[in-house]
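Inside the fold
Given next are the chains, with one letter for each unit.
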Amino acid sequence: MADPMAKISYDLIIIGAGPSGLVAGLYAGRYRLNTLILERIAVGGQIILSHSIENFPGFPGGIATSELIERFKKQVDDLNIPIKREEVLGISPRDGIYNIKTKDGNYETKSVIIASGTQPRPLGVGGEDRLIGRGVSYCGTCDGPLFKNKEIVVVGGGDRAIEEAIFLSGYASKVSLIHRRQGFRASKILEESAKNNPRINFILESVIEEIVGQNKVEGVKIRSLANNSLRELGCQGVFIFVGITPNTAFVKGQLQMDEAGFIITDEDLNTSLKGIFACGDCRKKSLYQVINGCGEGAQAAHSVHKYLQ
Ligand code: NAP
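In this report, the structure presented in the accompanying data block is examined. (Residues numbered from 1 in each chain as written. Predicted model: local features only at pLDDT ≥ 70, side-chain atom pairs only at ≥ 80, totals over all residues. Heavy atoms only, no water.)

1. Side note on the state of the cysteines
The line we're drawing: Cysteine sulfur atoms that come within 2.5 Å of each other are treated as a disulfide pair. The buried label applies to any residue whose accessible area, calculated with a 1.4 Å probe on protein chains only, is under 20% of its type's maximum; exposed applies above 50%, and partly exposed to all values in between.
Applying the stated criterion across every chain yields a total of one disulfide. A sulfur-sulfur distance of 2.0 Å marks the disulfide that ties C139 to C142. The disulfide joining C139 to C142 has a torsion of about 80° about its S-S bond and is therefore right-handed. With no disulfide of its own, C235 lies closest to C139 among cysteine sulfurs, the gap being 18 Å. Free of any disulfide, C294 has its nearest cysteine sulfur in C279, 9.7 Å distant. On the basis of relative accessibility, which here comes to 10%, the residue C294 falls in the buried class.

So this is what it looks like as structure tokens:
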């Protein structure tokens, strides 16, 4: 916990311990920068919501995300870079130094890397908030085992939805994948794999209008966008994967962002404030993958090293 009166001066504070933040820590440690990593929830970030990753180079057949993150963390630990579990509330610049205010206190640093990642975007339909933890979930790895031999619905057509539908088909007796279009954003290899899975049933050109149930999920009301018909489908679980929202509220109004809150950087990962850099999924870009998040972590630490020199 941070001492509220502390005036520790770091070279670098990294906000977020997902893949990008951990790689930034690894590179900063090798540059021998006096570095601290602050993480709000858990080391690993969003990736640990997925069971495994198949497209990280060097691991044919895939690797469990927990193991991959453990390996990243070990490399950071070996360089004696501390990781503290504290939520950052804001950053205040003063004479070339940044004050980082957390829920527990304050830290001073010469530079900052924001690697705060994203969180799942809610669907925004009736019943969703009320039934979270009662059948509504945003994490297959966490909640999948609760749905053994049950019928569930997965919403979305991106990588996350298709990957999770495949993973959840290992527990559920039937997975209905509801997507609002015929085409998918997900990579073709995932789409093919889901289409060959006998437990996955596709309900396309359709949206959920409401999640129904008294104290737990009992079904969903589905509107067909093809013919406007409405029907109810009984199910015990609804897994929602309809995109991501950046965790950047703590610097809103300070840094240049797009309308959704993704931080805008240049190619060296400078933000609009000198000495603050951003990497990983919290920044505006066109590919949100672990592989480029890692590369950006390395680049951000390199840019910090140059900035401090
Ligand atoms: P995403 O790629 O943005 O896909 C979101 C999906 O949800 C889209 O199919 C979208 O439909 C649908 N959607 C959005 N709002 C909706 C609404 N209100 N009602 C119904 N459907 C809605 O998000 P994601 O799958 O969460 O992935 C986030 C990022 O992480 C992506 O860039 C993804 O590639 C990356 N990722 C990669 C991997 C991997 O490579 N292994 C794994 C997980 C995530 P439309 O297509 O019609 O817009």
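Still to come is the rest of the account.
2. A word on the sheet that holds strand β15 (residues 219-224)
Counted only if it meets this: Only strands joined by at least two bridges in the DSSP assignment are considered to pair. Secondary structure elements follow DSSP: runs of H or I no shorter than four residues count as helices, runs of E no shorter than two count as strands, and numbering proceeds from the N terminus. To obtain each axis, a line is fitted to C-alpha atoms, and for helices this fit is confined to the stretch in contact; angles are then taken between N-to-C directions over 0 to 180 degrees.
Sheet architecture is open: three strands sit in the order β14-β15-β16, paired in antiparallel fashion. With partners counted over all chains shown, the strands left at the sheet margins are β14 (206-212) and β16 (230-234), one partner each. The sheet shows a mean angle of 30° between the axes of neighbouring strands, taken without regard to direction. The pairing of β15 with β16 spans five bridges and is antiparallel. When the sheet's bridge partners are listed, G219 is paired in β16 with G234.

3. Details of the nonpolar core
For the record, the criterion: Grouping buried Ala, Val, Leu, Ile, Met, Phe, Trp, Tyr and Cys residues that are joined through side-chain atoms within 4.5 Å yields what is termed a nonpolar core. Contact definition: two residues touch when any of their heavy atoms are within 4.5 Å.
In this structure, F72 and I113 are the most contacted members of the largest nonpolar core, which totals 30 residues. Considering every element that reaches this core, the biggest residue donor is helix α6 (residues 290-308), with six residues. Residue contacts for F72: discarding those within four places in its chain leaves P19, L22, V23, F56 and C294. If you look at the next biggest cluster of nonpolar residues, it comprises 20 residues, including I13, V251, I263 and C282.

4. A closer look at the site of the ligand
How we decide: To be near a molecule or strand, a residue needs just one of its heavy atoms within 4 Å of it. For the purposes of these results, a polar contact is taken to be a pair of N or O atoms within 3.5 Å, where, inside protein, one atom must be able to donate a hydrogen and its partner to accept one; residues adjacent in sequence count only when each atom of the pair is a side-chain atom. Throughout, the Shrake-Rupley method with a 1.4 Å probe supplies accessible areas, and for residues the shown protein chains are the sole cover considered.
Taken together, 18 residues sit near the ligand, with D159, E163, R181, R185 and Q289 positioned nearest. At 2.7 Å from an oxygen atom of the ligand is found a side-chain nitrogen or oxygen belonging to D159. A distance of 2.7 Å separates an oxygen atom of the ligand from a polar side-chain atom of R185. Out of a free accessible area of 910 Å², the ligand has 80% covered by protein chains. With three residues, helix α4 (residues 159-168) is the largest single contributor of residues to the shell around the ligand.

5. Points about the sheet that holds strand β13 (residues 200-203)
Read from one edge of the open sheet, five strands run β10-β17-β11-β12-β13, paired in parallel fashion. Only two strands of the sheet have a single neighbouring strand rather than two, namely β10 (136-137) and β13. Pairing between β10 and strand β17 (residues 237-240): two bridges, direction parallel. Of the residues in β17, the one forming a bridge with V136 is V238.

6. Some thoughts on helix α1 (residues 19-30)
Where we set the bar: Working rule for helices: expected span equals 1.5 Å times residues minus one.
Here α1 is twelve residues long and its end C-alpha atoms lie 17 Å apart, about the 16 Å a rise of 1.5 Å per residue gives. Within α1 the residues assigned to the buried category are P19, S20, G21, L22, V23, A24, G25, L26, A28 and G29. Residues of α1 that are buried sit in contact with β1 (9-15), β2 (35-39), α2 (65-77), β5 (83-85), β8 (106-114) and α6. A positive backbone phi angle near 60° is found at R32, which sits one or two residues after α1.

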